[in-house]
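Residue strings, one per chain:
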Amino acid sequence: MRVMKVNGYKISAGLVFLLAFSLCATTSVLYPFCDESHCFFTVGKAILHGRVLYKDILECKGLLIYLLQIPAYWISHRDSSGVFMIQLVLMAISAHYIFEIADNILHSNKKSFLVTVLFALFAFTTKSIASAQIVEVDLLPCFLYTFYSLIKYGYNHRSVFLVNGILSGIIFWIKYSLLGFYVGYVLFFVVVSLTRKDDSRVRLKKLLAGLLLYGLGIVLVTLPCIGYFAANSALNELWNYYIAANVNNYGSAITPAGVIAGYAAVIKTNIIHEPLLTLLLVLSIYSLFKLLDLAKALAVTFCFLFSFLIVFLHGKMFDYYYYALVPFIVFALIWIVDRLTSRFEVKRLSLAAAGLSVLFLCFVFKPFPRGFLRETEELAQYRFSEYMHSVKETPTALNYGFLDAGFYTVADIVPNTWAFCRINQDVPGALDDQRHAIRDKKVDFVITRIPYGKEPRLLNLLKKNYSLVESVSQYLNDDMYTYYLYEVK
């Protein structure tokens, strides 16, 4: 009987990794209220209650990210603790693959420990992590597995194509602009297959077998998703509000000059605002050719190149877009750790000191310190929820004109409007839907916000049909806003 050995270094590195994530991610229980968008959670809850995605409730990501919120909602209806628990599982998987990638290159548990904990430090203290309620964080295990499979197996194991096809399908049905990574992965496989010195029939057979298995993986994920929309007569909505909208509603029109200018602006912006992460990414490309054989280094380079080109194709730049490139820093960290430890033996005491130092630095440089262990009773979300439930047993509400700020979460309200909040793209009809809800008194309460100190500009419909109940001023990360609660007359 084979006994599986317990790797204490990997377990220790994983624990530091999870603690670092807990210190920095505002979905963590150490942040009693998650400041950033609650859109995914709200839509997942709505789907659980029978709403059909895109048809009954509007959002711009793919089906699977919302289905992931359903078990989170079962764990906790009124906060992010369920989301956090699911993310801990995903981060544990990420830590496992970071350790394995490093160990396959460096062949040292101690050095792999250092790489894993340093990855946590740089990946979780960057501002581009947003609240950690972004798909780029949840998809870390997918990209890291593909790195691991490339380094360990190259393109030589058929099962790897199936797994990576499944991961590509998952990513397509979460946020397909992140598929550039797998465009590079597949394209380099085609190049390698066509340039091998094998017999042409053998090359063609291997190429077709790999592509078929990869395609099968995508199909295995795609068929159930298509089935969901077909069963709910929502295929047109799927096309209009996911496929087409994410091409047409972000950034400017795609022209050669515009694309080049957009890429240049992205690079300049991130050199200024994320200099350390940018330096690590540049170092990663350099280090690939020091750590790996030429074919594997080029494969990862293709993944990086197409990730960058497709994520920033429109020139649109939200902070969290840059997080799509974070998985690549593992190679810079491997090279740095190998160089720094090449002349001395790494002691266990040094590893303990490194782990504690990483946690201390994560605490000091956590991206959103205002939310750490703060009191929630005076937050607008909790005060408004208490009032709404004191008036109505099952209140309805509208988060008008801004991203879902958690009012639906804290009050455990399922939206009864299609455009339940403003999202990060201009969707035709979304603003009209919100205004019609106010005009028709479709909701019991309307919540608005303005930057602190500015006079609110109210819709005539809102003044006519709703009366102000309460206002609360508070920080959203580093910016102060005033939130207003209106009740139907």
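What counts, and where the lines are drawn
Residues numbered from 1 in each chain as written. Predicted model: local features only at pLDDT ≥ 70, side-chain atom pairs only at ≥ 80, totals over all residues. Heavy atoms only, no water. Salt bridge = Lys/Arg side-chain N within 4 Å of Asp/Glu carboxyl O. Helix = DSSP H or I, 4+ residues; strand = E, 2+ residues; numbered from the N terminus. Buried < 20%, exposed > 50% of the residue type's maximum accessible area, 1.4 Å probe, protein only. Phe/Tyr/Trp six-rings, centres within 6.5 Å; stacked < 30°, edge-to-face > 60°. Lys NZ or Arg CZ within 6 Å of the ring centre and 35° of its normal. Expected span 1.5 Å × (residues − 1). pLDDT = per-residue confidence, 0-100. Patch = residues over 30% accessible without salt bridge, like charges linked within 9 Å, V, L, I, M, F, W, Y side chains within 5 Å. Areas by Shrake-Rupley, 256 points an atom, 1.4 Å probe, with all protein chains shown as cover.

**Comments concerning the pattern of salt bridges**
Part 1: Here the structure, examined in full by the defined rule, presents 9 salt bridges.
Part 2: Put simply, Asp478 and Lys127 hold a salt bridge, and the shortest N to O gap is 3.5 Å. Of this pair, Asp478 sits in the loop between strand S3 (466-476) and strand S4 (479-488) while Lys127 is found in the loop between helix H6 (109-124) and helix H7 (135-138), placing the two residues 351 residues apart along the sequence.
Part 3: Since its relative accessible area comes to 46%, Asp478 is described here as partly exposed.
Part 4: Put simply, Arg383 and Glu378 hold a salt bridge, and the shortest N to O gap is 3.2 Å.
Part 5: Classification of Arg383 as partly exposed rests on a relative accessible area of 26%.
Part 6: When its relative accessible area of 55% is taken as the criterion, Glu378 is described as exposed.
Part 7: Ionic contacts of the salt-bridge type, sharing partners, join the residues Lys127, Arg370 and Asp478 into one network.

**Some details on the packing of aromatic side chains**
Part 1: Taken as a whole and assessed by the stated rule, the structure comprises 52 aromatic pairs.
Part 2: Note on Phe181 and Phe328: the rings are 5.7 Å apart at their centroids and 50° apart in plane angle, and the pair reads as tilted. Placement of Phe181 in helix H10 (residues 180-195) and of Phe328 in the loop between helix H15 (294-311) and helix H16 (329-340) is noted, with a sequence separation of 147 residues between them.
Part 3: Owing to a relative accessible area of 2%, Phe181 belongs among the buried residues under this scheme.
Part 4: Where Tyr241 meets Trp418, the ring centres are 5.3 Å apart and the plane angle is 65°; that geometry is what we call edge-to-face. Here Tyr241, found in helix H12 (residues 235-248), pairs with Trp418, found in the loop between helix H19 (407-411) and helix H20 (430-439); they are 177 residues apart in sequence, far enough to count as distant.
Part 5: Above the face of the Tyr475 ring, Arg370 is positioned so that its terminal group lies 3.7 Å from the ring centre.
Part 6: Positioned over the ring face of Tyr481 is Arg449, at 4.2 Å from the centre of the ring.

**Remarks on helix H8 (residues 140-153)**
Part 1: The end-to-end C-alpha distance of H8, which contains 14 residues, comes to 20 Å, matching closely the 20 Å that a straight helix rising 1.5 Å per residue would cover.
Part 2: With 12 of 14 residues buried, H8 lies mostly within the body of the structure.
Part 3: The set of residues buried in H8 consists of Leu140, Pro141, Cys142, Phe143, Leu144, Tyr145, Thr146, Phe147, Tyr148, Ser149, Leu150 and Ile151.
Part 4: Trailing H8 by a residue or two, Gly154 shows a phi angle of about 65°, which is positive.

**Re the confidence of the model for the protein**
Part 1: Overall, the prediction assigns the protein a mean pLDDT of 93, with 98% of residues at 70 or greater.
Part 2: The spread of mean pLDDT over the elements of the protein runs between helix H13 (residues 256-273), the lowest at 85, and strand S1 (residues 397-399), the highest at 98.

**With respect to a nonpolar patch on the surface**
Part 1: Among the surface-exposed residues, Phe360, Phe363, Val364 and Phe365 lie close enough to one another that they form a single nonpolar patch of about 410 Å² accessible area.
Part 2: With respect to the helices and strands, Val364 occurs in helix H17 (residues 348-364).

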